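What follows is the residue order along each chain.
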Amino acid sequence: MIRLFSLLPYFLGIITAAQPVKNNFIPGKTTGTLPSLEYGLGYDRLGAAKMTFLDTNVVIKVVDSTINNYKVQLSKDHFAYLSKSNFKKDTTIKIQPYYLTASLFASGDDKDDYVTIALEERLPYRSIQQINPSRIVVDIFGTASNTSWITQRSSAKEIKSVYYEQIEDDVYRVIIELNHDQHWGYSIYYENKKLVVKVKRQPADLGLENLKIAIDPGHGGSNTGAGGVTSNIAEKNYTLLIAKQLQKELEEEKATVFMTREKGTTLSMPERIDMIKAQDPNFLISIHLNSSAKDSVNGVSTYYRYIGFKPLTQFILNRMLELNLNEFGNVGGFNFALSGPTDYPNCLVEVAFLSNKEDEKKILDPEFHKAVAKKIVAGIKDWLKFCKKGF
Ligand SMILES: [Zn+2]
């Protein structure tokens with residue numbers, strides 16, 4: 001289950017939203033842990049829909065305010081919302097009507113590929129993944145093309161080609177075509193005023209013994225998660241038991257495994273994301289147990305946020321269905337915090353429902369934990385075969 005947020009302050013925020021900022025806008029920069037832009041003030045139990053994570057010290061133009069968020073102007077026609085805790089005012093910044101781009105450069109080192117985009121200022125951006133063909137699309141706001149060089153070095157292994165399109169007068173789009181069908185992740189950040197898109201390559205050897213896998217057992221410590229409908233067991237303890245079985249199965253296949261927690265540690269979502277990013281895994285599996293207000297709802301489901309990461313989640317679900325669980329489904333566009341990073345493929349597995357008696361009975365059985373772990377590994381292997389031959 002994913003933690004519920006208190007909705008009340010948010011609705012109050014919307015009611016009192018219309019407080020125009022004087023002098024048209026306030027200049028400033030992003031700050032703090034994992035700043036992110038949200039599309040609107042919509043809200044569900046996972047929070048507003050995220051447009052993107054941003055680097056820090058990105059120039060931001062605040063044009064309006066709610067209780068918790070600033071409305072920021074990205075370009076003439078684009079707006080987004082930024083948490084107030086991720087904004088620092090800086091009136092020394094003289095924001096230009098638009099900025100200019102310079103050259104694009106694609107290259108690689110012994111591990112990853114990079115596209116660098118020279119800019120005059122650290123401007124907001126967003127990205128999406130496309131499939132068939134696989135591409136990373138990055139929009140940079142408040143900027144117009146002055147690019148006349150797009151250099152590609154042969155050291156770039158995953159990047160097939162890079163080009164741009166000025167999609168609006170002040171929105172510059174960079175399109176990065178990939179050599180493999182599978183997206184292996186990318187990170188966007190600034191080096192001074194150069195925007196860098198670090199592109200992960202498909203590993204040359206897709207054997208599990210060559211891969212590093214992060215596992216996040218959901219909840220933990222003071223965050224108990226859902227409760228069992230008849231047993232009242234805590235989700236946090238059973239996500240850990242299943243995750244440990246998964247760790248064991250993967251290590252038997254000689255994979256390198258990183259666990260975000262191995263006991264009842266309390267970890268926030270940003271802490272988990274930081275830990276996982278620092279490990280630079282090939283992919284992430286999150287383990288949770290579902291819960292519904294309706295006790296008849298049951299079954300297994302897997303989740304992804306970005307379309308490029310869907311195949312892993314579909315293959316794992318297909319194998320999990322062999323456990324005689326109902327199908328709750330393969331869910332995309334999911335706004336779960338650990339599905340948000342673009343840096344590595346990731347799959348959230350909601351194994352079964354603690355709120356359903358039949359599912360709960362399975363969850364209580366240690367043999368079931370082993371069976372789940374084996375099916376997840378089988379799904380991972382199916383996916384890796386698929387990556388190897390191409391889609
Ligand atoms: Zn959960």
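Residues numbered from 1 in each chain as written. Predicted model: local features only at pLDDT ≥ 70, side-chain atom pairs only at ≥ 80, totals over all residues. Heavy atoms only, no water.

### A short note on the overall build of the protein
A tally of regular secondary structure across the protein gives six helices and 23 strands. In terms of C-alpha radius of gyration, the protein reaches 22 Å, essentially the compact-globule figure of 21 Å for 391 residues. When the backbone C-alpha atoms are referred to their principal axes, the protein occupies close to 60 × 55 × 30 Å. Of the roughly 17200 Å² that the protein leaves accessible, carbon and sulfur atoms contribute 50%. The average position of the 48 basic charges and that of the 44 acidic charges among the side chains of the protein differ by 2 Å. (Helix = DSSP H or I, 4+ residues; strand = E, 2+ residues; numbered from the N terminus. Rg over C-alpha atoms; globule rule 2.2 N^0.38 Å. Areas by Shrake-Rupley, 256 points an atom, 1.4 Å probe, with all protein chains shown as cover. Lys, Arg positive; Asp, Glu negative; His and termini not counted. Charge placed at Lys NZ, Arg CZ, Asp CG, Glu CD.)

### A closer look at helix α2 (residues 235–252)
In this model, α2 (18 residues) spans 26 Å end to end at C-alpha, consistent with the 26 Å of a helix rising 1.5 Å per residue. Contact partners of the buried residues in α2: β18 (212–217), β19 (256–259), β20 (283–290), β23 (346–353), α5 (357–363) and α6 (366–389). Remark: K254 follows α2 within two positions and exhibits a positive phi of approximately 70°. (Expected span 1.5 Å × (residues − 1). Contact = heavy atoms within 4.5 Å.)

### Observations regarding the environment of V59
Mapped onto the secondary structure, V59 falls in strand β4 (residues 59–65). For V59 and F368, which are 309 residues apart along the polypeptide, the C-alpha to C-alpha distance reads 51 Å. If sequence neighbours within four positions are ignored, V59 has contacts with G28, K29, I93, I95, E121, R122 and P124.

### Regarding the sheet that holds strand β21 (residues 300–303)
One open sheet holds the six strands; their spatial order is β19-β18-β20-β23-β21-β22, and the pairing between them is mixed. Pairing within the sheet leaves two strands with one partner each, and these edge strands are β19 and β22 (327–331). On average, each strand axis in the sheet is tilted by 20° relative to the strand beside it, whichever way the strands run. In terms of strand pairing, β21 meets β22 through four bridges, oriented parallel. Looking across to β22, one finds that S301 is bridged to G329. α6 rests against β20 and β23 of the sheet, and its axis sits at about 145° to β20. (Pairing = 2+ DSSP bridges. Axes fitted to C-alpha atoms, helices over the stretch in contact; angles between N-to-C directions.)

### Brief notes about the packing of α2 against α6
The contact between α2 and α6 brings their axes to 8 Å, and the two run at 50°. Overall, the two elements α2 and α6 adopt an arrangement that is oblique. By crossing handedness, the relation of α2 to α6 is classed as right-handed. Taken together, the residues of α6 that come into contact with α2 (itself represented by Y238, L241, I242, Q245, L246, E249 and L250) are H369, K370, V372, A373, K374, I376, V377 and I380. Class assignment for the residues of the contact of α2 with α6 results in 10 nonpolar, two polar and three charged. (Parallel < 35°, antiparallel > 145°, perpendicular 65-115°, else oblique. Left-handed = near helix turned anticlockwise from the far one by under 90°. Nonpolar A, V, L, I, M, F, W, Y, C, P; charged D, E, K, R; others polar.)

### Brief notes about the pairing of strand β16 (residues 186–191)
In the sheet, β16 pairs with strand β17 (residues 194–199) via six bridges, with the strands oriented antiparallel. Across the sheet, residue I188 finds its bridge partner in β17, namely V197. Remark: two residues form the turn of the hairpin made by β16 and β17, two consecutive strands paired antiparallel; N192 in that turn has positive phi of roughly 55°.

### Quick notes on the packing of aromatic side chains
Under the counting rule described, the total for this entry stands at nine aromatic pairs. Pairing Y164 with Y172 gives two aromatic rings, centres 4.9 Å apart and planes at 25°, and the pair type is stacked. Judged by its relative accessible area of 28%, Y164 falls in the partly exposed class. Considering the side-chain rings of W184 and W383, the 5.1 Å spacing of their centres and the 35° angle between planes classify their relative orientation as tilted. Residue W184 is found in the loop between β15 (171–178) and β16, and its partner W383 is found in helix α6; the two are separated by 199 residues along the sequence. Taking relative accessible area as the criterion, W184 reaches 3% and is therefore assigned buried. One aromatic cluster is present, built from ring pairs that chain together W184, F283 and W383. Here the basic side chain of K71 rests over the ring of F79, its NZ or CZ set 4.9 Å away from the ring centre. Just above the ring of F53 sits the side chain of K277; from NZ or CZ to the centre is 5.8 Å. (Phe/Tyr/Trp six-rings, centres within 6.5 Å; stacked < 30°, edge-to-face > 60°. Buried < 20%, exposed > 50% of the residue type's maximum accessible area, 1.4 Å probe, protein only. Lys NZ or Arg CZ within 6 Å of the ring centre and 35° of its normal.)

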